[in-house]
Amino acid sequence: MSIGVKSYEWHELFPRVKNNAGALAAIWSPIILIRTQGMLRSKFGTLALVFNERLIPPKTEDNEEGFKLWLCEPGCLKDLNKTKGGVLKFALIWDQIISNFRDEDLISNRELDLMKIPLSSELLSNKVRWPIFLLAHKIPAALVIAKDFVGKYNDLLRIIKKDIYMYLAVTECYESLKYILDILIVGDMERRLVSGIFEEIDTSISQSSLVKDLRLSELPALHDKCIDLLELLVEGNEGHHYKVVKILQDIFELVTNDLFRKRSRTLDWFHSLHQLKDEPTELFSYFQPDLFAAKHSLHFRLPDIGPITEKVKRFHLLLTVKDKGMYIPSNLEARRRISYFATSLFMYMPKAPNVRSMLSFSVLTPHFMEEVKFSEEELHSSKQGVSIGLYMQKIFPDEWENFLERLGNEKEDGTGGNNIDMDDLRDWASFRGQTLSRTVRGMMYYRMALKLQAFLDMTEDDDILENYENINRANDTLSAELDALIDMKFTHVVSCQIYGSQKFIVDSSDKPSRFGHRYPSLRVAYVEEKEKEGIVPGESPKVYSSVLVKAVNGFDQEVYRIKLPGSPNIGEGKPENQNHAIIFTRGEALQAIDMNQDNYLEEAMKMRNLLQEFQKDRRRNPPTILGLREHIFTGSVSSLAWFMSYQETSFVTIGQRLLANPLRVRFHYGHPDLFDRIFHLTRGGISKASKTINLSEDLFAGFNTTLRRGYVTYHEYMQVGKGRDVGLNQISKFEAKIANGNSEQTISRDVYRLGRQFDFFRMLSLYYTTIGFYFNSLISVIAVYVFLYGQLYLVLSGLQRALLLEAKLKNIKSLETALASQSFIQLGLLTGLPMIIELGLERGFLAAVKDFVLMQLQLAAVFFTFSYGTKSHYYGRTILHGGAKYRPTGRKVVVFHSSFSENYRLYSRSHFVKGFELLLLLIVYDLYRRPYQSSMAYALIAYAIWFMSLTWLFAPFLFNPSGFNWGKIVDDWTDWNKWIRHQGGIGIQQDKSWESWWVDEQSHLHHSGIASRLIEILLSLRFFIYQYGLVYHLDISGQNKNLVVYGLSWTVVVVIFILLKAVKLGRQHLSADHHLSFRLLKAVLFLAILGTMISLSIVCHLSLKDLMVCCLAFLPTGWGLILVRINQSINVFFLVRACSSV
């Protein structure tokens, strides 16, 4: 404050001021803005770490190993072993889940055999044969151990038993060999020989003399022979009978001559039977070729009976599979689902009731114009160089191979091959996109799961295997009884907003109600609009009705019709679409599912447990909303989708976990929450429908529940799938919608009432978890502008030079430290911190760090910084002017190239203008700070803002597919010129004309108040600082600091506008009929400008640097004049209207 400046570098407006209040404000104001928000943020970050450490249930460090431990010593199986048939029920459910994986093409036929548990009557006595993938690689490992083992049998047994799966694999292989040989060998003599050999081995085992009696080094050779035998048995070619005989003879010779250390008693008996004891070797060589060679000695082929065939295949897989269990299945999605299902069983959840006693529930899915099912044309069209079908094959290559294998077309390469049914191909692609068919299939897993669980509840243990095959038969009595029970417990209603017009489409194969033939529990609700004859002739009043239909024999059958008093659409459409259909749902609970979600059969098995949460005894009120975990399944589509999936995952896990308990400020964030249907049916529904203010309609439903003494919980033991936007434009539209919704929440009554009713800690939690994040984002961006304009003031006025030079003379370091402190302005990188914490908790911190590094290499920092600008812009503009609106994103799974005109329309005001302004500030600051400031101090001050400005300018091009393809660049330039030159007008869309886009871009100002426009005008005045500061640094000014210099600079602005107007008038009046005159006019103007510049350079010493500085000075002035003019004209309009109303 005491440092004085005697000579300013511009015309000082307040020369008599004795202190440096302006300099102090310019230096410290951004620091105050940042630090105030940082303290609150750090406190809540500390709370998050503390509560996650103490309240998050422990999880296995490695999901694959956790799954193996679950099957090794699962607590649930220990309880099942106490009751008869407990393991059998588990095996049925497990096999159903694995078979469902195969139906979804997540695993191959081989992996299906490796993962299923054999079903047999042995399971009734709780004797289970574990899936082969758990026993994989155990036989080769056991052979290695036995081959080189030296010691006693008990020591060998103890080594084998250290790995429980190795012991089970060895035991099962031995029993399977006995079983298969017993069926294969039917000759009396051969059977007695084989039985005798096995009796000797069993005796050695019982007497613990196996190592002493057998040469274990010969086991690998026996292992190879058994594999050859099993391959022939699996193939079942009767022409290979002689090969089977030869292998059996080799095995017999290997066992009797090489495996046994001493003479086999069975072989001695065989010799004595033929009275050949004197010459055993020669006589044995005589009889051996005839062994197993008799016509009726073998039963080959083996009987084509299911259990025998499965036994042979399983034995063959046990001997041949060398893959480690943790790599089966190979599909990452299947592995993730199994791991999560296994881990979730260790979490606390209520005990499941019988299906007959459970709460009934419904699923409600709103649908507008999204894809129901990919059409054949969409699968093969390649407008952007790649079709949906080909794209799906590339991002899901293993699932495509499994699909072809399931159809028997492994050699088929194309998506539209002659042997592939088009309906199957459309289903396969649709089940991997964000389509309604995927959602309906997922929700119908509830019915499949409940039917299986009801069957296990209603059937005696001894009859489970006998009746299991009948539960899906149409004419079976048990199946009909189960269907009737499930229909009372579950229904799925798809509320289609425009189905009233869709149902008259001729090609109706893809209508939502057409899924009814496959899913009998599906119902479709819609609002029907009809015209009827009025009382007054000529009038046709419209009648609105809510209608519920189902599919019967390929046609829509009306179930219910409810007449409405008028049109229900008063808002954006989606809330009304949900609320009008609630009356058609049944049961005590209602699950809200969006149309881009999915469900899994293994998760549907836990629905009974989840519904019991409504009936648990609690000290506080029973819950009215149950929150669930979501898995983002679109992460593999693109790098941006991967970033979004991790960001969303952190919110739906660690975020909502903390919000629900202990902060108790979790609300309804969309889907897939489970509602207390009766509670919400009598309190306004599950969405608020007022236009604009309730843009985030789902969140207001959570506000409404909390205000009405409802209780919201969150449960992680169950998850559903969720699709997110995969392209930058889609993501930006979604985040703009969320930011607009948060700005409307800021001024809503609901947030005001919650803030008044909450205690102090819940009030702060409410702020931080709703509008606080967006407000902090806005403050951070404003702090950047305040800092840069403060630095611009210090540099252009000469204050900074004087301050730093004085500080250097007095060795004051604090001032430079204060200037450099803005390097800590966060760029959006901190938004990835919760993601790293959650990944560390679930997958280990090493895996989290690896993913984080990989994300940075894929420009995640650029994406999060760009996203930060989107949030701050739309939140701030809506707070100032209002005008929040819904922005459809279009849930496309394929990422297409976006033209430059499209990117300009979307990002012009939110990123390009702001990024260019920051870049201009940085350039001016860099030009005039060099003589007296060190490079290190400048780097600490400006590197973060350089990164932000460049990110806002170039991120849309970096993340645009084929953005650097020369052909695309040429096409974009052509499209841009066509768009910028096309005149607007009534009916001209934004994508056709720049003028139409500009008019729509300013539409928010027409609904804004006078105070907001005055604020906008005041903010626009900042663009005139450039001209005022820079004209005094021109060489042509001659170091003159008089105010006249600034006044003369406006003559340049006036001349520029006159020249532009002259060219415009010349183009309008001369370009068509007097083209030569128009060219002559432009040439004269050009020569006049050139002559003026040459004269000024000679007379007034105008330099090339002055021309560059003038560009930096007058461009912001022009933009400022445009903004002031826009707001001034609208203000005049509103003033006139206000005066006329008075």
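Parameters and conventions
Residues numbered from 1 in each chain as written. Predicted model: local features only at pLDDT ≥ 70, side-chain atom pairs only at ≥ 80, totals over all residues. Heavy atoms only, no water. Helix = DSSP H or I, 4+ residues; strand = E, 2+ residues; numbered from the N terminus. Buried < 20%, exposed > 50% of the residue type's maximum accessible area, 1.4 Å probe, protein only. Areas by Shrake-Rupley, 256 points an atom, 1.4 Å probe, with all protein chains shown as cover. Phe/Tyr/Trp six-rings, centres within 6.5 Å; stacked < 30°, edge-to-face > 60°. Pairing = 2+ DSSP bridges. 1 Å grid on protein atoms, 1.4 Å probe; cavity = no way out; pocket = protein on both sides within 12 Å on 5 of 7 lines; lining within 4 Å. Points joined across faces, edges and corners; volume = space filled by probe spheres on them. Nonpolar A, V, L, I, M, F, W, Y, C, P; charged D, E, K, R; others polar. Domains from an automatic or database assignment. Patch = residues over 30% accessible without salt bridge, like charges linked within 9 Å, V, L, I, M, F, W, Y side chains within 5 Å. Salt bridge = Lys/Arg side-chain N within 4 Å of Asp/Glu carboxyl O. UniProt positions renumbered as here; feature names shortened; annotations may be inferred. Contact = heavy atoms within 4.5 Å. Axes fitted to C-alpha atoms, helices over the stretch in contact; angles between N-to-C directions. Lys, Arg positive; Asp, Glu negative; His and termini not counted. Charge placed at Lys NZ, Arg CZ, Asp CG, Glu CD. Expected span 1.5 Å × (residues − 1). Parallel < 35°, antiparallel > 145°, perpendicular 65-115°, else oblique. Left-handed = near helix turned anticlockwise from the far one by under 90°. Disulfide = S-S within 2.5 Å. Core = buried A, V, L, I, M, F, W, Y, C linked by side-chain atoms within 4.5 Å.

Within an unreviewed UniProt entry, the label attached to the chain reads 1,3-beta-glucan synthase, and the organism entered is Genlisea aurea.

Participant: Let's hear about the overall build of the chain: which residues, and what values?
Facilitator: In terms of helices and strands, the chain carries 50 helices and 10 strands. Taking all 1142 residues of the chain together, the buried fraction comes to 52%. Accessible surface for the chain amounts to roughly 55200 Å². Of this, 58% is attributable to carbon and sulfur atoms.

Participant: Give me the lowdown on the packing of aromatic side chains, citing residues and values where you can.
Facilitator: Evaluated as defined, the whole model comprises 34 aromatic pairs. Consider the rings of Y904 and W979, whose centres lie 5.9 Å apart with planes at 70°: the pair is edge-to-face. Of this pair, Y904 sits in helix α42 (residues 900-929) while W979 sits in helix α44 (residues 966-981), and the two are 75 residues apart along the sequence. With 6.0 Å between their ring centres and 35° between their planes, F1024 and W1050 make a pair best called tilted. One end of the pair, F1024, is in the loop between α46 (1010-1020) and α47 (1025-1030); the other, W1050, is in helix α48 (residues 1043-1069), with 26 residues separating them in the sequence.

Participant: Tell me about the pairing of strand β1 (residues 361-367), and name the residues and values.
Facilitator: Most of β1 sits inside the fold, with 7 of its 7 residues counted as buried. Burial of β1 is two-sided: the residues F361, V363, T365 and H367 facing one way and the residues S362, L364 and P366 facing the other way are all buried. When β1 meets strand β2 (residues 490-496), the two strands line up parallel, connected through 7 bridges. Each residue of the ladder has a partner; that of P366, found in β2, is S495. Relative to strand β6 (residues 589-592), β1 runs parallel, the two sharing 4 bridges. Looking at β6, one finds that S362 is bridged to L590.

Participant: Could you give me a rundown of the layout of surface pockets, with the residues and numbers involved?
Facilitator: Gaps left between atoms are located by rolling a probe of water-molecule size over the structure's atoms. As a volume, the second largest pocket reaches approximately 1800 Å³. Contributions of two or more residues to the lining of the second largest pocket are made by α42, α45 (994-1001), α48, α49 (1075-1099) and α50 (1104-1141). Take the lining of the second largest pocket: its biggest share by element is 13 residues, from α48. Here the residues of the lining of the second largest pocket sort into 39 nonpolar, 7 polar and 2 charged. Viewed by domain, the lining of the second largest pocket spans two of them, domain 5 (772-964) and domain 6 (1009-1140), each represented by three or more residues.

Participant: Can you break down a nonpolar patch on the surface residue by residue, with the values?
Facilitator: Side chains of F1086, L1087, L1090, I1094, I1098 and V1099 sit close together on the surface and give an oily, nonpolar patch of about 630 Å² of accessible area. Mapped onto the secondary structure, I1094 falls in helix α49.

Participant: Lay out the UniProt feature "transmembrane region" (unreviewed entry) in the chain with the relevant residues and their values.
Facilitator: With numbering aligned to this structure, UniProt lists the feature "transmembrane region" (unreviewed entry) at residues 773-796, 817-837, 940-959, 1010-1031, 1043-1060, 1080-1100 and 1107-1126. A distance of 27 Å separates the end C-alpha atoms of residues 1043-1060, which is 100% helix and 0% strand. Note that residues 1080-1100 is 95% helix and 0% strand, and that its end C-alpha atoms are spaced 29 Å apart.

Participant: Give a description of the sheet that holds strand β4 (residues 542-552) that names residues and reports values.
Facilitator: Taken in spatial order, the 10 strands line up as β5-β4-β3-β2-β1-β6-β9-β8-β10-β7 in an open sheet, and their pairing is mixed. Looking at the sheet topology across the chains shown, the edges are occupied by β5 (555-564) and β7 (597-598). In terms of strand pairing, β2 meets strand β3 (residues 522-531) through 4 bridges, oriented parallel. Bridging across to β3, S495 finds its partner in A525. Sitting on the sheet, helix α17 (residues 332-344) touches β8 (625-632) and β10 (712-722), and the angle it makes with β10 is about 155°.

Participant: So what about a negative patch on the surface? Which residues, and what values?
Facilitator: A surface patch of negative charge is lined by D224, D228, E231 and E235. If you trace the backbone, D228 turns up in helix α12 (residues 219-235). On the accessibility criterion, D228 (34% relative accessible area) is partly exposed.

Participant: Before we move on, can you summarise the pattern of salt bridges with the specific residues and values?
Facilitator: Using the criterion set out here, one finds 40 salt bridges in the structure. A salt bridge links E716 to R629; its shortest N-O distance comes to 3.6 Å. Linking E716 in strand β10 with R629 in strand β8, this pair joins segments that are 87 residues apart in sequence. Taken as a pair, E716 and R629 share a single burial class, namely buried. When salt bridges with common partners are traced through the structure, they connect K574, D594, E697, D698 and K722 into a single cluster.

Participant: Would you mind going over α48 in detail, with residue names and values included?
Facilitator: The end-to-end C-alpha distance of α48 is 40 Å, a good match for the 39 Å that 27 residues give at a rise of 1.5 Å each. For α48, every residue scored as buried is listed here: V1045, Y1046, S1049, V1053 and G1066.

Participant: Lay out the packing of helix α30 (residues 639-660) against helix α41 (residues 860-881) in plain terms, naming residues and giving numbers.
Facilitator: How two helices sit against one another is set out by the angle between their axes and by the gap between those axes. One can describe the packing of α30 onto α41 by two numbers: an axis separation of 10 Å at closest approach and a directional angle of 70°. When the axis of α30 is compared with that of α41, the two are roughly perpendicular. The crossing of α30 and α41 is right-handed. On α41, the residues touching L640, F643, M644 and Q647 of α30 are A860, F863 and F864. Its residues placed into classes, the contact of α30 with α41 shows 6 nonpolar, 1 polar and no charged.

Participant: Tell me about a positive patch on the surface, and name the residues and values.
Facilitator: A cluster of basic side chains, namely R981, R1067, R1079 and K1082, defines a positive patch on the protein surface. Within the fold, R1067 resides in helix α48.

Participant: Any details on the state of the cysteines? Residues and values, ideally.
Facilitator: For the structure on display, the rule yields 0 disulfides. Counting only cysteine sulfurs, C173 is the nearest neighbor of C226, a cysteine outside any disulfide, at a range of 9.0 Å.

Participant: Please give an account of the packing of helix α9 (residues 164-184) against helix α16 (residues 306-320) that cites residues and values.
Facilitator: Running from amino to carboxyl end, α9 crosses α16 at an angle of 135°, the nearest separation of the two axes being 10 Å. One element, α9, and the other, α16, form an angle in the oblique class. The crossing of α9 and α16 is left-handed. Across the interface between the two elements, E172, C173, S176, L177, Y179, I180 and I183 of α9 pack against I308, K311, V312, R314, F315, L318 and L319 of α16. Across the contact of α9 with α16, the residue classes tally to 10 nonpolar, 1 polar and 3 charged.

Participant: Give a description of the nonpolar core that names residues and reports values.
Facilitator: Core analysis: the biggest nonpolar cluster contains 78 residues, and L184, L229, L233 and F292 have the highest contact counts within it. In terms of domain composition, this core takes at least three residues from each of domain 1 (28-58 + 74-133 + 327-347) and domain 2 (138-273 + 289-320). With sequence-adjacent residues up to four places away left out, L229 is seen in contact with L181, L184, V244, I247, L248 and I251. Counting residues in hydrophobic clusters, the runner-up holds 61 residues, among them V781, Y907, M948 and Y1028.

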